[in-house]
Amino acid sequence: MDFRWWRRSFFGAFLSWVFFFLRFSCSDKAPEYTFVKEATSAPPVIFYDYIIIGGGTAGCPLAATLSHGGATVLVLERGGSPYTNPNITNIGNFASVLLDRSPTSPAQPFTSEDGVYNARARILGGGSAVNAGFYTRASTHYIKKVGWNQKMVKQAYEWVEQVVAFQPPLMEWESAFRDGLLEVGVLPNNGFTYDHLYGTKIGGTIFDKEGHRHTAADLLQYANPRKITVYLHAIVHKILFRHIPGTARPQAYGVIYKDAYGVRHLAYLKRNSKNEIILTAGAIGSPQLLMLSGIGPGYHLRTHGIQVVVNQPLVGQGMADNPMNVLLIPSPLPVEVSLVQVVGITKFNTFIEGASGLSFVYPLARRLAKRFRLFLNQSDYEPFKVPPEDMARAVDTVNAVVNRTLRAGIILEKITGPASTGHLELRNLNPDDTPFVTFNYFKEPEDLRKCIEGMRTVISVVNSKAFSKFRYKNMPIEALINLMLTLPINNRPRHATAAISLEQFCIDTVMSIWHYHGGCQVGRVVDKEYRVLGVDSLRVVDGSTFYRTPGTNPQATVMMLGRYVGKRILQERYLSRRSKHKN
């Protein structure tokens, strides 16, 4: 068997749980959006007041909001619909989402230059259509530090929550995990809340009580259908700029995009000084498209033959990804299939999360079972020796894998920040190809210190009395660490010391939890109103503007940001109209 193929296949199956931890489904009643169409149906040339590039986690709420200001809104989404994709709507095919390498895959895989496997969403609704569904707000401190209007932020969160946020049911494994966190001192018990609070809490979820996923695309139900058009499979290749006599700054005035057949289309802004193009293509897509359009480091753009519109060396800088490290804990008891529902927010700046159960497609389940059998039969994993009675139960676990459901849970730690940052560079001129991305995991010592403290907390929870019934008594922590070191969870070298050093374990087994950000940061590439510095009529509104990831999961804040900035833009437009009428 070709090992590289096996590694990719196994990794997709493993991460379909590690990243998302769930059985996946969408609502049986998909919204009937008459304004959502394939880009192949678009005219060769169109004119709108707002052109939004990216119908993702920020783009959908932004578009819905702007459609109520009297202006027309065009959304160009490079992916398809979450309501028609069989890998998303079919509860049994979730692993197939990450294994789908077709041009319209909803989760486009890539590997960072650090050797860490990752993915970027390519679907209407963005990451909210392919993630674990955990919903939690940013902290009050974060909101104040960013400088957002706290009243407007609260209203924007509530607007989002009316459609996509729910309280999850808490079953046995998650309850034991919660009680373990409390037992080891991650206090107080904050119960269920959307708020970001130190201690242990049950967070929100974007899955309703029937298990149906609600994505940012659902927020388009707020839109004025007469004022908005959404084109799917519309890949924007370039933002167009012009120089207006009497002004020193270039002005964005249109975009070039191609449909699924590769046919070229043009979308232009209508003539109005308040009309804008807004990039909401995410932390990878937004800095990439700025560069492809001539805004970025001049020397880098020229090496790709791109005409420089603005020499902006900070585009693509400050790229960061919150490192995640995991322990997989086989269980002697059956466990429910659960999403991330409980989180421990520590005062040493790590988040401890857990999830249980796993559904695999059959061939991948067999491969995981084979790997697990090999691990159980290893005699050199001292001090892990499996007694006969425990081996029998472990065999049951293997058989459960073959039967597509794994009796196990995972407990992970993710650090805040992070302090370590990297950069993004173009790979080529194709906007649908992921550029070179370097995150520099653990480059800063403080990130590594947080990881070590986080893993110590994970280990304490695994060893807690509250969690004891969901782990094998004769399977020590050393065995769980060794198990992680045998799994192809990234493309980084393994060191023998990783089995005895948490520092080396963090470095060797680092993974992504998809919370990467940066590349178009506020004060560097955009101003506080998210306008791109050095040009007119262009903004960036998404996670690429963040310096730090907000809270335990950024999706709530990214959706909020789309609504928040949309309201701010409408206010500006209203005040501009009033000023003209007075004059």
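Basis of the calculations
Residues numbered from 1 in each chain as written. Predicted model: local features only at pLDDT ≥ 70, side-chain atom pairs only at ≥ 80, totals over all residues. Heavy atoms only, no water. UniProt positions renumbered as here; feature names shortened; annotations may be inferred. Helix = DSSP H or I, 4+ residues; strand = E, 2+ residues; numbered from the N terminus. Buried < 20%, exposed > 50% of the residue type's maximum accessible area, 1.4 Å probe, protein only. Contact = heavy atoms within 4.5 Å. Phe/Tyr/Trp six-rings, centres within 6.5 Å; stacked < 30°, edge-to-face > 60°. Lys NZ or Arg CZ within 6 Å of the ring centre and 35° of its normal. Polar contact = N/O pair within 3.5 Å; in protein donor to acceptor, adjacent residues only side chain to side chain. Salt bridge = Lys/Arg side-chain N within 4 Å of Asp/Glu carboxyl O. Expected span 1.5 Å × (residues − 1). pLDDT = per-residue confidence, 0-100. Pairing = 2+ DSSP bridges. Axes fitted to C-alpha atoms, helices over the stretch in contact; angles between N-to-C directions.

- The protein carries the name Glucose-methanol-choline oxidoreductase N-terminal domain-containing protein in an unreviewed UniProt entry, which gives Rubus argutus as its organism.
- The Cofactor (unreviewed entry) field of the UniProt record for the protein holds the comment "FAD".
- Within the UniProt record for the protein, the comment given under Sequence similarities (unreviewed entry) is "Belongs to the GMC oxidoreductase family."

1. Overview of the UniProt feature "binding site: FAD" (unreviewed entry) in the protein
- UniProt records the feature "binding site: FAD" (unreviewed entry) at Val236, Trp514, His515, Gly543, Pro554 and Gln555, using the numbering of this structure.
- By the element assignment, Trp514 lies in the loop between β25 (511-512) and β26 (538-540).
- Mapped onto the secondary structure, Gln555 falls in helix α15 (residues 555-582).
- For Gln555, a relative accessible area of 5% gives the class buried.
- The residues touching Gln555, leaving out its near neighbours within four places in the chain, are Thr57, Ser128, Asn131, Gly133, Phe134, Tyr135 and Ile206.

2. Side note on the packing of aromatic side chains
- Here the structure, examined in full by the defined rule, presents 16 aromatic pairs.
- Centre to centre, the rings of Phe192 and Tyr194 are 5.4 Å apart; their planes meet at 75°, and the pair counts as edge-to-face.
- Using a relative accessible area of 31% as the deciding quantity, one classes Phe192 as partly exposed.
- Exposure remark for Tyr194: the relative accessible area of 17% places this residue in the buried category.
- On the numbers, 6.3 Å between centres and 45° between planes, the contact of Phe467 with Phe470 is tilted.
- By relative accessible area, Phe467 is classed as buried at 0%.
- For Phe470, a relative accessible area of 2% corresponds to the buried category.
- One aromatic cluster is present, formed by Phe110, Phe439, Tyr441 and Tyr516 through successive ring pairs.
- Taking NZ or CZ as reference, Arg427 lies 4.1 Å from the ring centre of Phe436, over its face.

3. Quick look at the side chain of Asn325
- Structurally, Asn325 is set in strand β19 (residues 323-330).
- Among the polar contacts listed, one links the side chain of Asn325 to the side chain of Thr509, at a separation of 3.0 Å.
- Leave out the neighbours within four places in its chain, and Asn325 touches Ile411, Leu412, Glu413, Phe442, Cys451, Met455, Phe505, Cys506, Thr509 and Val510.

4. Focus: the pattern of salt bridges
- Here the structure, examined in full by the defined rule, presents 15 salt bridges.
- Across the salt bridge formed by Arg137 and Asp195, the nearest N and O atoms sit 3.9 Å from each other. Of this pair, Arg137 sits in the loop between β7 (134-135) and α5 (140-146) while Asp195 sits in the loop between β8 (189-192) and β9 (199-202); the two residues are 58 residues apart in sequence, bridging distant segments of the chain.
- Given a relative accessible area of 13%, Arg137 falls into the buried group.
- A salt bridge links Arg539 to Glu276, with the shortest nitrogen-to-oxygen separation between them at 2.7 Å.

5. Topic: the environment of Thr486
- Position of Thr486 among the secondary structure elements: in helix α13 (residues 477-486).
- Once the C-alpha coordinates of Thr486 and Thr509 are considered, the two residues, 23 residues apart in sequence, prove to be 9.9 Å apart.
- There is a polar contact of 2.7 Å between the side chain of Thr486 and the backbone oxygen of Leu483.

6. Observations regarding helix α12 (residues 445-462)
- The end-to-end C-alpha distance of α12 is 26 Å, a good match for the 26 Å that 18 residues give at a rise of 1.5 Å each.
- Looking only at α12, the buried set comprises Asp447, Leu448, Lys450, Cys451, Ile452, Gly454, Met455, Thr457, Val458, Ile459, Val461 and Val462.
- Buried residues belonging to α12 abut α7 (172-183), β19, β21 (350-356), β22 (408-415), α13 and α14 (502-508).

7. A short note on the confidence of the model for the protein
- When pLDDT is averaged along the protein, the result is 87; 83% of the residues meet or exceed 70.
- Confidence drops under pLDDT 50 across residues 359-365; counting only partners more than four residues distant or on other chains, this segment forms 21 contacts.
- Here residues 379-387 scores under 50 on pLDDT; set against residues more than four positions off or in separate chains, the count is 17 contacts.

8. So, the sheet that holds strand β23 (residues 422-425)
- In space, the 3 strands of this open sheet follow the order β18-β23-β24, with antiparallel pairing throughout. The open sheet has two free edges, formed respectively by β18 (317-319) and β24 (436-438), since each of these has just one partner strand. Adjacent strand axes in the sheet meet at a mean angle of 35° when their direction is disregarded.
- Pairing analysis gives 2 bridges linking β18 to β23, with the strands arranged antiparallel. Opposite Gln317, over in β23, you have His423 as the bridge partner.
- Lying on the sheet, helix α8 (residues 282-292) is in contact with β18, β23 and β24; it crosses β23 at an angle near 55°.

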